[in-house]
Amino acid sequence: MFNPVAETRDGTSTNMADREKRRSAGSGSCLAATVAEPGPATKGSDREFLSQAGVGELLRGALLKMVEARPDDPVGFLADHFGSLAAAVVESGSEDLKEPRLSDGSSGDEGARGARAQQRLNRALWHLRLAHHSQRSAFGNNVRVAYDLLSLTGPFGHAGDSSPAGAPGGGVSGALYTQTLRCLCGEGGVPASTSAPLLCRLHCHDHEAVPYGVFRHGVLTCAVFSDYIRQAQRLYAQVCQPDEGPASRAACLAVLGALREALETSRDADSPSVKALRRLEASAKMSPHQLARVMTEAQARGPAGHMDAKEFENAAAELFIARVKVVS
Amino acid sequence: MCTCHTFIFLCYYEYNCDREQSKMSADDVTKGVACTLKPPVFLHFGGGDSKTQGCCSGVCVIDVALPPGKTIETITFKNFYTALVSVRLQRRSPGQEGAAAKWCTALRDRPLMTNPHTEAGAQDYYSIDRKQMQVEPDGVSSIRLILKQPSSAWLTFSVQDVRIFPRMQPVRKGRIDELSDWLLLVFPPQDPLDVASVSCRLQQMWALSQVMQSSQSHAASVGRFDVDGCYDINLLSLT
């Protein structure tokens, strides 16, 4: 397909005609072909070529995404970004091609669909990883993009499937949603056993269509939970005296007790003034003075023995998960 | 100009003891040490007899009397159109109580206004630290501020709100402090835990759970109709 005929100085028109032909013929590779082909060496046609290929828009989009995400590995990030764009073009091209064909239930087709679903999931996860949940607007945008990606269906759906890719216009399938949440927890460094109770609470059946609100809540909860578990691990490291091995049970229980009391104090309130008051009371229960008092009491009267890191992490996770409402 | 001023200073410096002395006293260290600020004396020349008024020479002297034996940390003041300031200290070294106190120059001609004819720095606040002084301001009994304004653009010049801050002495421990030291010896602290950082981390964890709770108040529902899993196939088959 690569036609090195473009050596003529004034051959601009023939090159353009060639490019037009190639563009209508190809499906997914057209974009790559247009950009890869060398144009004639004059200045004006360079600019025309770039504007025609839409390279300005591509680069602008890539740079905006990069500024939003601020990745540690810029080259890898750009590679992923352009890779996902190319995959999107390929998919839309191939789905167009599939249009006239009804589903025949062959295993090859199933395999291809499974691979495509996995690809979509990977791209959605890549989008979700771009911004931290504390960056509210960026994170919200990324969740929206991921949701749209995962709830994509072909223009005519896939009639006669045993497990449809998604209700038309309805939302993300429960299976994809559960898989997304599981991957998010795993990537956040949360062991599967710790995140299992959380996923139970956020669970949606495979056949259900998950609306955007539930999807967003689930994703945010998993992101926050992985941060929470990381903090709990560091907290255990702090409570541990460095040379004494595992931390004393009394100290761990005291610290977790303070957190539990704070969480119970700041339960939902109706009026904002009561809410503010409860928040102040909660933070008073976690103040250094209160903590010191509680810990000295625990040291004097608390249970003997040690608590290892896993138990501490599970206890902290339980405090968090107890406050997550079951999805209904 | 400097030697002229010095000559005038030596020849025509008058100390008018009949005038009222304005007292400025301060109680605690934050306001400055209690000192007596004498009224500023403007030097004139060319007025030998009392009939003709001498020309203003552009030099003004302010004396500050301190309780004896002070160690000075900082002198602060607000400028009022003074171009240059010099500071002289009358010190008595602690060993020689009987000997006369000696005058020495701590600071010579420090510029306060970049251009004596223009407004810049005319009403700014300044402070002179002991590190900027050429001699150690220990055992000071009197301070002399010599203000100079060579420009004829300004009718008058002085400094306002002069405060002297002594060096902080280490406070002698009171009885309560001694008692707490003894208590620490008897009951040594058992927990070298950094409670502040533990508290900080707990607050972060609490904040994260609040983020989650606030998000779930806005969450939509999936729209299930079953109550407690009553659509479960195992239950349905029994009824």
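As a reminder, the structure under discussion sits directly above these lines.
Residues numbered from 1 in each chain as written. Chains lettered and ligands numbered in written order. Predicted model: local features only at pLDDT ≥ 70, side-chain atom pairs only at ≥ 80, totals over all residues. Heavy atoms only, no water.

J.: Go over the overall build of chain A with me, naming the residues and quoting the values.
T.: Regarding its fold elements, chain A presents 14 helices and four strands. Relative to its full complement of 328 residues, chain A shows a buried share of 38%. Counting contacts in chain A only where the partners sit at least 6 residues apart, residues at least 24 apart contribute 72% of the total. Of the accessible surface of chain A, which amounts to about 17800 Å², a share of 58% is contributed by carbon and sulfur atoms. (Helix = DSSP H or I, 4+ residues; strand = E, 2+ residues; numbered from the N terminus. Buried < 20%, exposed > 50% of the residue type's maximum accessible area, 1.4 Å probe, protein only. Contact = heavy atoms within 4.5 Å. Areas by Shrake-Rupley, 256 points an atom, 1.4 Å probe, with all protein chains shown as cover.)

J.: Tell me what's going on with unusual backbone geometry, and back it up with residues and numbers.
T.: All names here are of chain B. One non-glycine residue, D109, lies in the positive phi region at around 50 degrees. Following the sequence through the fold, D109 ends up in strand β7 (residues 102-111). Phi at D161 is positive, roughly 55 degrees, even though this residue is not glycine. In this fold, D161 is placed in strand β10 (residues 158-166). With a relative accessible area of 39%, D161 lands in the partly exposed category.

J.: Tell me about the interface of chain B and chain A, residues and numbers included.
T.: Between chain B and chain A, the residue contacts involve 28 residues of the former and 46 residues of the latter. Between chain B and chain A, a total of about 3500 Å² is buried, with carbon and sulfur atoms accounting for 65% of that surface. A per-residue breakdown of the area chain B buries against chain A is headed by M205, W206 and R224 of chain B, which together make up 20% of the total. Where chain B meets chain A, there are zero salt bridges. Applying the counting rule to chain B against chain A returns ten residue pairs in polar contact (both at pLDDT 80 or more). Among the residues making up the side of chain B that touches chain A, the classes are represented as 14 nonpolar, eleven polar and three charged. (Buried area = accessible area lost by both parts, 1.4 Å probe. Salt bridge = Lys/Arg side-chain N within 4 Å of Asp/Glu carboxyl O. Polar contact = N/O pair within 3.5 Å; in protein donor to acceptor, adjacent residues only side chain to side chain. Nonpolar A, V, L, I, M, F, W, Y, C, P; charged D, E, K, R; others polar.)

J.: Describe the packing of aromatic side chains, naming the residues involved and giving the relevant values.
T.: Enumeration according to the criterion identifies eleven aromatic pairs over all chains in this entry. Centroid distance Y177 of chain A to F215 of chain A: 6.3 Å. Interplanar angle 50 degrees. Geometry classified as tilted. Of the two residues, Y177 of chain A sits in helix α8 (residues 174-187) while F215 of chain A sits in helix α10 (residues 212-239), which places them 38 residues apart along the sequence. For the pair shown, Y177 of chain A and F215 of chain A are each scored as buried. Between F42 of chain B and F157 of chain B, the ring centres sit 5.4 Å apart and the planes meet at 80 degrees, which makes this aromatic pair edge-to-face. Within this pair, whereas F42 of chain B is found in strand β3 (residues 41-45), its partner F157 of chain B is found in the loop between β9 (140-148) and β10, the two being separated by 115 residues in sequence. Judged by relative accessible area, which is 27%, F42 of chain B ranks as partly exposed. (Phe/Tyr/Trp six-rings, centres within 6.5 Å; stacked < 30°, edge-to-face > 60°.)

J.: Could you give an account of the packing of helix α9 (residues 192-201) of chain A against α10 of chain A, with specific residues and numbers?
T.: Residues and elements named next belong to chain A. In the contact formed by α9 and α10, the axes pass within 12 Å of each other and the chain directions differ by 150 degrees. Between α9 and α10, the angle is such that the two are roughly antiparallel. When the axes of α9 and α10 are compared, the crossing they make is right-handed. Residues T194, S195, L198 and L199 of α9 touch α10, and the partners they reach there are T221, C222, F225 and I229. (Axes fitted to C-alpha atoms, helices over the stretch in contact; angles between N-to-C directions. Parallel < 35°, antiparallel > 145°, perpendicular 65-115°, else oblique. Left-handed = near helix turned anticlockwise from the far one by under 90°.)

J.: Lay out a nonpolar patch on the surface in plain terms, naming residues and giving numbers.
T.: Residues and elements named next belong to chain B. On the surface, F225, Y231, I233 and L236 cluster together into a nonpolar patch covering about 510 Å² of accessible area. Within the secondary structure, F225 sits in the loop between α3 (195-217) and α4 (233-238). On the accessibility criterion, F225 (70% relative accessible area) is exposed. (Patch = residues over 30% accessible without salt bridge, like charges linked within 9 Å, V, L, I, M, F, W, Y side chains within 5 Å.)

J.: Account for the sheet that holds strand β5 (residues 72-80) of chain B, with residues named and values stated.
T.: Sheet strands pair via backbone hydrogen bonds, and the direction of the pair is either parallel or antiparallel. Residue and element names in this part refer to chain B. Ordered in space as β8-β5-β10, the three strands form an open sheet in which the pairing is antiparallel. Two strands in the sheet have a free side with no partner beyond their single neighbour: β8 (125-129) and β10. On average, each strand axis in the sheet is inclined to that of its neighbour by 20 degrees, with strand direction left out of account. The pairing of β5 with β8 spans five bridges and is classified as antiparallel. Bridged to K78 within β8 is Y125. (Pairing = 2+ DSSP bridges.)

J.: Report on the environment of Y212 of chain A, specifying residues and quantitative values.
T.: Considering the arrangement of structural elements, one finds Y212 of chain A in helix α10. Residues within four places of Y212 of chain A in sequence aside, it is in contact with G140, V143, R144 and Y147 of chain A.

J.: Got a sec to walk through the pairing of strand β6 (residues 84-91) of chain B? Specific residues and values, please.
T.: Along any regular strand, the residues point their side chains to alternate faces of the sheet. For β6 of chain B and β7 of chain B, the ladder comprises seven bridges, and the chain directions are antiparallel. Within β7 of chain B, the residue paired with L84 of chain B across the bridge is P111 of chain B.

J.: With reference to specific residues and values, describe the packing of helix α11 (residues 249-265) of chain A against helix α13 (residues 288-301) of chain A.
T.: Residues and elements named next belong to chain A. Here α11 crosses α13 at 145 degrees, and the two axes come no closer than 9 Å. Considering how the two elements wind past one another, α11 and α13 form a crossing that is right-handed. Of the residues in α13, those touching α11 at A250, A251, A254, V255 and A258 are L291, V294, M295 and A298. Looking at the contact of α11 with α13 residue by residue, the class counts come to nine nonpolar, no polar and no charged.

J.: Mind laying out the pattern of salt bridges, listing which residues take part and the relevant values?
T.: Residue and element names in this part refer to chain A. Under the criterion given, the structure shown has 14 salt bridges over all chains. Among the salt bridges present, the one from E187 reaches R129, with a minimum N-O distance of 3.0 Å. Residue E187 is found in helix α8, and its partner R129 is found in helix α6 (residues 107-129); the two are separated by 58 residues along the sequence. In this structure, R230 engages D227 in a salt bridge whose closest nitrogen and oxygen atoms are separated by 2.5 Å. Within this pair, R230 and its partner D227 are both found in helix α10, separated by three residues, close to a single helical turn. Under the relative-accessibility criterion, R230 is labelled partly exposed at 31%. With a relative accessible area of 12%, D227 lands in the buried category.

J.: A description of the side chain of S199 of chain B should follow, citing residues and the corresponding values.
T.: Mapped onto the fold, S199 of chain B is located in helix α3. Dropping the residues within four chain positions of it, S199 of chain B is found in contact with M286, S287, P288 and L291 of chain A.

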